[in-house]
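One letter stands for each residue in the lines below.
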Amino acid sequence: MASRSALIAVLVAVSCAAAASATTYTVGDTKGWTTNVDYSGWTSGKNFAVGDKLLFNFASAAHTVAEVSKSDYESCSSNNAISNDSNGPATITLSSPGTHYFICGVPGHCSGGMKLAVDVGGSSSGGSPSTPGTSPSSPNGAPARMQAAPALAMAAGVLIKLALF
Ligand SMILES: [Cu+2]
């Protein structure tokens, strides 16, 4: 039965996609990556995980986004940047746990507040010992994400049974 195996293939693909789901966050939401935005306020309440992406929305000539060390974040130096994007919009994947620091390299912008620190938790399995400075934010995001996969697998199982009869 071609239709049955096609259905099963679709269900398997959907389950896999759900398990590997990553969130893309638009930094600053509708304000984007610019001056006069409270980015520490923007991060509060969000649970960033490894694999999630940050979308920095900015016009290429107006701003840059550099990932820097903690000390360079504090001193607003992009001279030793880990990465540096001057073409916007720029998407950066949070590929490792810990705190990631981003600043704008245009003179005066970082010191004016155009800087972003993001606490990234471990992978969605969630067991990694995290940094001492863990965020006291809401516990709502991660557990919901972890429960999604088994529920989907169960639903897929039921549908496969239905398809077989
Ligand atoms: Cu800027």
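Residues numbered from 1 in each chain as written. Predicted model: local features only at pLDDT ≥ 70, side-chain atom pairs only at ≥ 80, totals over all residues. Heavy atoms only, no water.

- If you look the protein chain up in an unreviewed UniProt entry, it shows as Phytocyanin domain-containing protein from Eleusine coracana subsp. coracana.

**Some remarks on the coordination of the copper ion**
Stage number 1. Surrounding the copper ion are the protein donor atoms His 63 (ND1), Cys 104 (SG), His 109 (ND1) and Met 114 (SD), which sit 2.0 to 2.6 Å from the metal.
Stage number 2. Around the copper ion sit 4 donor atoms; with metal-centred angles ranging over 94 to 130 degrees, the donor geometry is tetrahedral.
Stage number 3. Read in sequence order, the donor residues for the copper ion give the motif H-x40-C-x4-H-x4-M. The residues His 109 and Met 114 share a single accessibility class, namely buried. (Donors = N, O, S within 2.8 Å, 3.2 Å for Na, K, Ca; no water. Tetrahedral: all angles 85-135°; square planar, octahedral: opposite > 155°, others 65-115°. Buried < 20%, exposed > 50% of the residue type's maximum accessible area, 1.4 Å probe, protein only.)

**Some points on the pairing of strand S8 (residues 115-121)**
Stage number 1. Side chains Leu 116, Val 118 and Val 120 of S8 all project onto a buried face; the interleaved residues Lys 115, Ala 117, Asp 119 and Gly 121 project onto a face where none is buried.
Stage number 2. Where strand S2 (residues 48-49) lies against S8, 2 bridges are found, and the strand directions are parallel. Within the sheet, the bridge partner assigned to Ala 49 lies in S8 and is Gly 121.
Stage number 3. Pairing geometry for strand S7 (residues 98-103) and S8, over 6 bridges, is antiparallel. The residue of S8 that forms the bridge with Phe 102 is Leu 116. (Helix = DSSP H or I, 4+ residues; strand = E, 2+ residues; numbered from the N terminus. Pairing = 2+ DSSP bridges.)

**Some points on the sheet that holds strand S4 (residues 65-68)**
Stage number 1. Spatially, S2-S8-S7-S4-S5 is the arrangement adopted by the 5 strands of the open sheet, whose pairing is mixed. Each end of this open sheet is capped by a strand with a single partner; those strands are S2 and strand S5 (83-85).
Stage number 2. For S4 and S7, the ladder comprises 3 bridges, and the chain directions are antiparallel. Directly across from Glu 67, in S7, lies its bridge partner Phe 102.

**Some details on the pairing of strand S6 (residues 90-93)**
Stage number 1. The alternating pattern of S6 places Ala 90 and Ile 92 on a buried face, while none of Thr 91 and Thr 93, on the opposite face, is buried.
Stage number 2. Relative to S6, strand S3 (residues 53-56) is paired through 4 bridges, and the arrangement is antiparallel. Its bridge partner lying in S6, Lys 53 is registered against Thr 93.

**Brief notes about the packing of aromatic side chains**
Stage number 1. A complete count under the given rule lists 7 aromatic pairs for this structure.
Stage number 2. Taking 6.5 Å as the distance between ring centres and 90 degrees as the angle between the ring planes, the aromatic pair formed by Tyr 25 and Trp 42 counts as edge-to-face. Taken together, the residues span a long stretch of sequence, with Tyr 25 in strand S1 (residues 24-26) and Trp 42 in helix H2 (residues 39-43) at a distance of 17 residues.
Stage number 3. Exposure remark for Trp 42: the relative accessible area of 6% places this residue in the buried category.
Stage number 4. An angle of 80 degrees between the planes, with centres 4.9 Å apart, marks the rings of Trp 33 and Phe 56 as edge-to-face. Remark: Phe 56 occurs in strand S3 and Trp 33 occurs in the loop between S1 and H2; sequence separation between them is 23 residues. In terms of burial, Trp 33 and Phe 56 fall into one category: buried.
Stage number 5. Taken together, the ring pairs in this structure connect Trp 33, Tyr 39, Phe 56 and Phe 102 into an aromatic cluster.
Stage number 6. In this arrangement the basic side chain of Lys 115 is found over the ring face of Tyr 73, its NZ or CZ atom lying 4.5 Å from the centre. (Phe/Tyr/Trp six-rings, centres within 6.5 Å; stacked < 30°, edge-to-face > 60°. Lys NZ or Arg CZ within 6 Å of the ring centre and 35° of its normal.)

**Description of the nonpolar core**
Stage number 1. Counting residues in hydrophobic clusters, the biggest one holds 20 residues, and the most contacted among them are Trp 33, Leu 54, Phe 56 and Leu 116.
Stage number 2. Elements with a minimum of two residues in this core: H2, S3, S6 and S8.
Stage number 3. Element by element, the count of residues in this core is highest for S8, at 3 residues.
Stage number 4. Sequence-distant contacts of Phe 56, that is, excluding residues within four places in its chain, are made with Val 27, Trp 33, Val 65, Pro 89, Ala 90, Ile 92, Phe 102 and Leu 116.
Stage number 5. In terms of nonpolar packing, the next biggest core, distinct from the first, is built from 6 residues, Ala 66, Tyr 73, Ile 103 and Cys 110 among them. (Core = buried A, V, L, I, M, F, W, Y, C linked by side-chain atoms within 4.5 Å. Contact = heavy atoms within 4.5 Å.)

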